[in-house]
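A closer look at the structure
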Amino acid sequence: QVQLVESGGGVVQAGGSLRLSCVASGSIASINDMGWYRQALGKQRELVAVVTGGGTRSYADSVKGRFTISRDNAENTVYLQMNSVKREDTAVYFCYARIQRRVLMGTRDYWGQGTQVTVSS
């Protein structure tokens, strides 16, 4: 069994900063991509940022220059540092990880339960 648990969400003023964390635990042989999606009320879930197992990072255009994704492979943890936040960053943020549970097994995506980020004016 694999679990992803997010933390760090909350209310932040526009222009402020917030750091999200997500820890993967359980039966894990290796983790490929780790990343963050978000879903605002009434909108579809969208990719925010992803970091590959090799450390390559990609970002949605809307967050480039403001958000930074990083990971700690020893701790199976992915972070999202959110700076200069805007009202439109308000959403539920979900982490995901592409995990191989056993050597020679295929991979599948696992998701966290989501953490609310609210940006106030």
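In case you missed it, the structure is sitting above this.
What you see is a predicted model; the values in this text were computed from it and never measured. (Residues numbered from 1 in each chain as written. Predicted model: local features only at pLDDT ≥ 70, side-chain atom pairs only at ≥ 80, totals over all residues. Heavy atoms only, no water.)

Let's talk about the sheet that holds strand E7 (residues 67–72)
So the rule is basically this: Two strands qualify as a pair provided DSSP detects at least 2 bridges between them. Runs of E in the DSSP output that reach at least two residues are strands. Runs of H or I that reach at least four are helices, and both are numbered from the N terminus. Axes here refer to lines fitted to C-alpha atoms; in helices the fit is confined to the stretch in contact. Angles between the N-to-C directions go from 0 to 180 degrees.
Strand order in this open sheet of four strands is E1-E3-E8-E7, and the pairing throughout is antiparallel. Where the open sheet ends on each side, the last strands, each with one partner, are strand E1 (2–7) and E7. On average, each strand axis in the sheet is inclined to that of its neighbour by 15°, with strand direction left out of account. Alignment of E1 against strand E3 (residues 18–26), held across six bridges, turns out to be antiparallel.

Some details on the state of the cysteines
Note the cut-off: Cysteine sulfurs are considered disulfide-paired once they come within 2.5 Å of each other. Using a 1.4 Å probe on the protein chains alone, a residue whose accessible area is under 20% of its type maximum counts as buried, one over 50% counts as exposed, and one in between counts as partly exposed.
All chains considered together, the criterion is met by one disulfide. Note on cysteine connectivity: Cys22 is disulfide-linked to Cys95, with sulfurs 1.9 Å apart. A residue pair is termed long-range when its members are at least 10 positions apart, and Cys22 in strand E3 and Cys95 in strand E9 (residues 91–100) qualify at 73 residues. Each member of the pair Cys22 and Cys95 is classed as buried.

Notes on the environment of Asp33
Topologically, Asp33 is positioned in strand E4 (residues 30–39). In the structure, Asp33 is positioned 30 residues away from Val63 in sequence and 19 Å away in space, judged by C-alpha atoms.

Notes on the packing of aromatic side chains
Note the cut-off: Between rings of Phe, Tyr and Trp, where Trp is taken as its six-membered ring, a pair exists when centres lie within 6.5 Å; planes separated by under 30 degrees are stacked, by over 60 edge-to-face, and by other angles tilted.
Going through the model one piece at a time under the given rule, you end up with three aromatic pairs. Between the aromatic rings of Tyr37 and Tyr96, the centroid separation amounts to 5.5 Å while the plane-to-plane angle is 70°, which identifies the pairing as edge-to-face. With Tyr37 in strand E4 and Tyr96 in strand E9, this pair connects stretches of sequence that are 59 residues apart. Among the residues examined, Tyr37 registers a relative accessible area of 23% and is labelled partly exposed. Of the residues examined, Tyr96 reaches a relative accessible area of 7% and is grouped as buried. Both rings, one in Tyr37 and one in Trp111, keep their centres 5.2 Å apart while their planes meet at 65°; by these two values the pair is edge-to-face. Of the two residues, Tyr37 sits in strand E4 while Trp111 sits in strand E10 (residues 107–111), which places them 74 residues apart along the sequence. Residue classification places Trp111 among the partly exposed positions, given a relative accessible area of 36%. Every member of this aromatic cluster is reached through a ring pair, and the members are Tyr37, Tyr96 and Trp111.

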